Amino acid sequence: MLRVLQAYLDGETDDVTARRVRAHLDGCRDCGLEARTYREIKNALVRQEQPDARAVARLRGFGESLLDPAPGDQHDRTPGG
């Protein structure tokens, strides 16, 4: 999912994939937060500023949650999933 999300946010997906990702982001709080965090960090890098520490912490926490999901967590983080 992360590669698809990053490609979408970088404008590198086809129209069908972009629509599916947008629809998924509208309904998935976790992925919506991930997208906002990625945008914040990307914008800070473009401005050559330090990214917001909270955004970095959220991104780190999200990544860690993907590596070690909570027991019984069946939430699918893929677009359309």
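This text gives an overview of the structure that appears in the document.

Parameters at a glance
Residues numbered from 1 in each chain as written. Predicted model: local features only at pLDDT ≥ 70, side-chain atom pairs only at ≥ 80, totals over all residues. Heavy atoms only, no water. Helix = DSSP H or I, 4+ residues; strand = E, 2+ residues; numbered from the N terminus. Buried < 20%, exposed > 50% of the residue type's maximum accessible area, 1.4 Å probe, protein only. Contact = heavy atoms within 4.5 Å. Salt bridge = Lys/Arg side-chain N within 4 Å of Asp/Glu carboxyl O. Axes fitted to C-alpha atoms, helices over the stretch in contact; angles between N-to-C directions. Parallel < 35°, antiparallel > 145°, perpendicular 65-115°, else oblique. Left-handed = near helix turned anticlockwise from the far one by under 90°.

Glancing now at the side chain of E34. For E34, the location among the structural elements is in helix α3 (residues 29–46). Residue E34 is classed as buried on the basis of its relative accessible area of 5%. When neighbours within four sequence positions are excluded, E34 is seen to be in contact with L2, L5, L59 and F62.

Enumeration over the complete set of coordinates arrives at two salt bridges. Note that D10 and K42 form a salt bridge whose closest N and O atoms lie 2.7 Å from each other. Note that D10 is positioned in the loop between α1 (2–9) and α2 (15–27) and K42 in helix α3, a separation of 32 residues in sequence. Residue classification places D10 among the partly exposed residues on the basis of a relative accessible area of 31%. The exposure class assigned to K42 is partly exposed, which follows from its relative accessible area of 33%. Among the salt bridges present, the one from E40 reaches R58, with a minimum N-O distance of 3.1 Å. Here R58 lies in helix α4 (residues 53–67) and E40 lies in helix α3, a separation of 18 residues in the sequence.

Within the secondary structure layout, T37 lies in helix α3. Looking at T37, the relative accessible area reads 1%, which means it is buried. When residues no more than four places from it in sequence are discounted, the contact partners of T37 are A55, R58 and L59.

To describe two helices that pack against each other, one gives the angle between their axes and the distance between the axes. Two elements in contact, α3 and α4, have axes whose closest approach is 9 Å; the angle formed by their N-to-C orientations is 135°. If you check the angle between α3 and α4, you find them oblique. Where α3 crosses over α4, the two elements pack in a sense that is left-handed. Seen from α3, the contacting residues are D30, L33, E34, T37, E40 and I41; seen from α4, they are A55, V56, R58, L59 and F62.

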